[in-house]
Every structure is written in C-alpha cells, then in structure tokens.
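Breakdown of the fold
One letter stands for each residue in the lines below.
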Amino acid sequence: MSMGKLSFIIAENSYIIRTGLVRIINSFSEAVVLKEATELNSLIKIVNKHKPDFVIVNAKLIADPHDDIRTLFSDNLSTKFIIFVGSRRKNEHFVHFNEKISVDDEKTEIIYKIQNLIISRLPTERSDEGNELSEREKDVVKQIALGQTNKEIAEKLFISTHTVITHRKNITGKLGIKTVSGLTVYAILNNIIEIDEAV
Amino acid sequence: MLFTKTSKLAEIVHQNYLLIPIISRFGIKFGFGDKNVEQVCKQYQIHTDFFIEIINTFNDKEYTPSKKLRELPLNITVNYLLKSHKYFNQVKLPIIENLIHQLKWENADNKNNKLILDKFFNEYRNEVIEHTSNEEKEVYPFILEIEKNFHKTRADEQFLNVLSKKSIRKYADTHDELNSALLDLKNIIIKYLPPADNNEITNQILQEIFGLEKDMEDHTKLEDSVVVPAAVMMEKELRKQLDK
C-alpha cells in the first residue's frame, strides 16, 4: 500500500538512531521509508536510483555539510534534504538543507518538522475533486454497468479499445472499485444508471 | 512476535485475539488453563509444528511459512484448508449476510440500497462457493493423488495417464477475482453507500469483512507458498516416469 506515499531514504550509521528515525517516519500515514544507507557512497547510488521525496542524512557522513549536497547527486533531482546532527552542531545553520533535525529534539519538535515537510510535498490535486469522475469516465462506467464489453463500449463512444482500457484503469484508481458488479453498484448509487437497467 | 511450542496458548490469545477463529478451527475449545501449545496439541491430537506455523503465519504478515511445512504430509495442510472453507462458507459469510439484512434506511430515496448491496454480496458469495467447491472437488484431490503416487516406487498407470493430460500448474492462483470483489465491497461501504440509520451495523459489517479478508489472505498464502509448490515439485518428479 505504498502507492501515493511520500518516500524517505535515511542515511545514518548508528543502528539505534536509524531504527528510531525509520520508526518515526513510518508512523506518518502519508510517508514511508524506502531504503536505508549507512555511508555516503551507497546513499548516492540509491538516491539516484529511487529519486525519493526526502533524504535524511547524518552530518557525520558528509565531508562538509556546509557545501551544497546536491552537487553529489544526479541533476534535476527534486529531493528535499534534511540534515541530522548531534548535540554539538544543534545550533549551527546549514543553508543547503531544507530542514535540520537534532538528536536533542523533543518529540513535538521532530513531529512538527516532519509534518511540515510532508505538507510541503503533498500534491495539491489531492482534494476531493481529484477523485471525481470526468463526464467521459461516467459514460464508460455507465456502459460497463449496462454489461457492455470493452469493444462494444469503444464502438458506442467512438474511441479505441485501448482508450476504454485506459479509462477503466483511471476509474478503478479513482474509485477503488475494480469488478463489473462493483462498478454497477457505484453507478446505481450515483444515479448513473437506474436499478432496473443493471444486468 | 514469534510463538513456539512452549508458548502458553492463553498468552497467545491475549497477544492477538484475531487468532481465536484460527485456534477454534483446529477443534480447540477454551478453558485450556495454563497449558502450552505442545500440551494442547497433544490433547487434541494436532500436529504441533503445523499448528505453530499456522499461528505464526497468521500473526505476523511478514512471516513466511518455513520449509518444515512443505515437508509435512500435504493432507495435514489440505485438511486445514478444508476447515477454513467450511468456516468461510458456513460461519463468516452467513454472519455478513445477516448483518446486511439488518441495515435500515428510512428515507425513500435509499430504499434500494439494501437490495443493491444484497445483490452484490450474493454474487460474491456464489463466487466463493464456486471457487471453494472447485478446489474441494478438483484441486485438493488431485494434489493428494500426486502425493500418494509420489511415495510409490512406481506411480499407478491410471494416474500417469491423468498426469499426461493435466498439471497442477494450471490451478496456480485464481484468487485475484475474489480479492477484488471483497476490496470493492469494502470501498462501496466505506466510501459510497449512503449512511444507514443503524450505523453500528455498518461498523460490524466492515469489521467482519476485514476479518474475512485477512483470513482469506492467509489461506491463499498457505496454498501458494506451501501446497502448490510441494505438489509442483512432486509432479515434476512423477513426470520423469511419464517419459519412460
């Protein structure tokens, strides 16, 4: 169920701290830790490969945390970087990072920081309208509920079978309903068809 | 958490009450005092290793049944699968059906809701019945035949003849449809069905559906990661006799 979740990669060499960070991140329903790294080279590799939304990296793993960390990674990466520091550096300011988490942070502080990061990244179309069916998709749902095959729907709506299949995929993605009977129920409940029209 | 044969059964129930139907499927009744798994299994003549594997598989979704399970006689697992079928068809589905019948909508606009939901559920139920009875009549007997012949020095001619026409592989995984229908049912109730007047019934229905789904997932896991691979392996060996 990681679909649609914001991805994190955590780079930290201490097992205790790494486990703690993973646990905190995974406690947010919108977030998931994709991978963990214990040193810089493997971090670079997995970040370039997975292009996560966020990277949390311990300052100790970077040669100079005041340099621009982005130069280490491939271009056009939209990843946000968060630096993790020990007690000694907790008051230092790191301009090239989007956020700083310190080992001394209290629970409320760290939760607040991560929450803000998550909010900054949530897609704006995640509102209700984003999941509403378009008129065309409603036409397709109607035909499915009337018992038509993909080919029949294509002919009726003057579109290709391929387009019908794409519509069906998007409908299932939006509604969370996959089977013909399920879509029929949806169509009746939303007055797309009358109950006695259903097959 | 991992359970072992020295775990107390009462403690297991306290840790995860969702295991209650699984335990009762083995015929175990409550009132088992401080007996551990091994003692209870002995009392009820249950294969202890098998019981432990089932409990752990259900308890921890990361847990994959160990190789030990594949090495046990398949009829132990098949027997358990048959009991699960019985539980789905004779206990769980009637409970959900009964709850659906109890839903009420006073508003005239919504009078069809029960009808629609009932129809969808009945279709699903029939699919489950069809699926389980096909497994009981075709798949499981075939698997047990494979196993029986595997242990013979030379398989029966008649069975080898059957084997030249069909393979266990063709039965592998036909659960997708059933899973989708259950997922649809959840989303219809959670997202689209207008709220019923007696909302607590809706809560119960959802709880039951989630429980059934979890039980069925483990059922499938047992088939796909234990029974079918073991049968495929034996069938492969038997096919060598076929070539001779």
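Source: prediction; values computed, not measured. (Residues numbered from 1 in each chain as written. Chains lettered and ligands numbered in written order. Predicted model: local features only at pLDDT ≥ 70, side-chain atom pairs only at ≥ 80, totals over all residues. Heavy atoms only, no water.)

Another point: the pattern of salt bridges. Residues and elements named next belong to chain B. Taken as a whole, this structure holds 19 salt bridges over all chains when the rule is applied. Between Asp-156 and Lys-152 there is a salt bridge whose closest N-O contact spans 3.0 Å. The salt bridge partner of Lys-214 is Asp-218, with a shortest N-O separation of 2.8 Å. Of this pair, Lys-214 and Asp-218 both sit in helix α10 (residues 199-243), four residues apart, which is roughly one turn of the helix. Under the relative-accessibility criterion, Asp-218 is labelled buried at 11%. (Salt bridge = Lys/Arg side-chain N within 4 Å of Asp/Glu carboxyl O. Helix = DSSP H or I, 4+ residues; strand = E, 2+ residues; numbered from the N terminus. Buried < 20%, exposed > 50% of the residue type's maximum accessible area, 1.4 Å probe, protein only.)

Chain A puts 14 residues into the contact, and the matching count from chain B is 17 residues. Taken over both partners, the interface formed by chain A and chain B buries close to 1300 Å², and the fraction arising from carbon and sulfur atoms is 66%. Our count for the contact surface shared by chain A and chain B stands at zero salt bridges. Linking chain A to chain B there are six residue pairs in polar contact (both at pLDDT 80 or more). Elements represented by at least two residues in the side of chain A that touches chain B include exactly α6 (161-175) and α7 (180-189) of chain A. Among the elements that line the side of chain A that touches chain B, the one with the most residues is α7(A), at six residues. In terms of residue class, the side of chain A that touches chain B is made up of eight nonpolar, four polar and two charged. (Contact = heavy atoms within 4.5 Å. Buried area = accessible area lost by both parts, 1.4 Å probe. Polar contact = N/O pair within 3.5 Å; in protein donor to acceptor, adjacent residues only side chain to side chain. Nonpolar A, V, L, I, M, F, W, Y, C, P; charged D, E, K, R; others polar.)

Further remarks concern the side chain of Ser102(A). All names here are of chain A. Relative to the helices and strands, Ser-102 resides in strand β5 (residues 99-102). A polar side-chain atom of Ser-102 sits 2.9 Å from the main-chain amide nitrogen of Asp-104. With residues near it in sequence (within four places) discarded, Ser-102 still touches Phe-84, Val-85 and Lys-90.

Next up on the list: the pairing of strand β1 (residues 6-11) of chain A. Residues and elements named next belong to chain A. Across the six residues of β1, six count as buried, placing the element largely inside the fold. Along β1, one buried face is formed by Leu-6, Phe-8 and Ile-10 and the opposite face, lined by Ser-7, Ile-9 and Ala-11, is buried too. Relative to strand β2 (residues 31-37), β1 runs parallel, the two being bridged by six bridges. Its bridge partner being in β2, Ile-9 is matched across the sheet by Lys-35. With four bridges connecting them, β1 and strand β3 (residues 54-58) associate as parallel partners. For Phe-8, the partnering residue across the bridge sits in β3 and is Phe-54. (Pairing = 2+ DSSP bridges.)

Time to look at the domain arrangement of chain B. All names here are of chain B. Once the domains are mapped, chain B shows domain 1 (9-59) and domain 2 (72-243). For domain 1 versus domain 2, the distance between C-alpha centres works out to 23 Å. Facing nine residues of domain 1, the contacting portion of domain 2 comprises twelve residues. The contact between domain 1 and domain 2 buries some 1200 Å² in all, and 69% of this surface belongs to carbon and sulfur atoms. Of all residues in domain 1, Arg-25, Phe-50 and Phe-58 give up the largest surface area on contact with domain 2, accounting jointly for 57% of the area buried on that side. At the surface where domain 1 touches domain 2, the tally comes to one salt bridge. For Asp-215, the salt bridge identified is with Arg-25, shortest N-O distance 2.5 Å. Summed over the shared surface of domain 1 and domain 2, the result is four residue pairs in polar contact (both at pLDDT 80 or more). By residue number, the principal contributor to the side of domain 1 that touches domain 2 is helix α4 (residues 48-59), which donates four residues. Here the residues of the side of domain 1 that touches domain 2 sort into six nonpolar, two polar and one charged. (Domains from an automatic or database assignment.)

Among the nonpolar cores identified, the biggest contains 49 residues, and Leu175(A), Tyr186(A), Leu117(B), Tyr124(B), Ile205(B) and Leu212(B) are the most heavily contacted of them. Listing elements by their share of this core, those giving two or more residues are α4 (135-145), α5 (150-157), α6 and α7 of chain A together with α6 (74-102), α7 (113-150), α9 (176-192) and α10 of chain B. If one sorts the elements of this core by residue count, α9(B) sits on top with seven residues. Beyond its immediate sequence surroundings of up to four residues, Leu175(A) is in contact with Leu133(A), Leu183(A), Tyr186(A), Asn187(B), Lys191(B) and Tyr192(B). Counting residues in each nonpolar core, the second largest holds 47 residues, with Ile12(B), Leu160(B), Val232(B) and Leu238(B) among its members. (Core = buried A, V, L, I, M, F, W, Y, C linked by side-chain atoms within 4.5 Å.)

Residues and elements named next belong to chain A. What the five strands build is an open sheet, ordered β2-β1-β3-β4-β5; its pairing is parallel. Strands at the two margins of the open sheet, each flanked by one partner only, are β2 and β5. When the angles between neighbouring strand axes are averaged without regard to direction, this sheet yields 25°. Both strand β4 (residues 80-85) and β5 contribute to a ladder of four bridges, which runs parallel. Directly across from Phe-84, in β5, lies its bridge partner Ile-101. Along the sheet face, helix α1 (residues 15-26) touches β1, β2, β3 and β4 and points at about 160° away from the line of β2. Where helix α3 (residues 107-121) meets the sheet, its contacts fall on β1, β2, β3, β4 and β5, and the angle it forms with β5 comes to roughly 155°. (Axes fitted to C-alpha atoms, helices over the stretch in contact; angles between N-to-C directions.)

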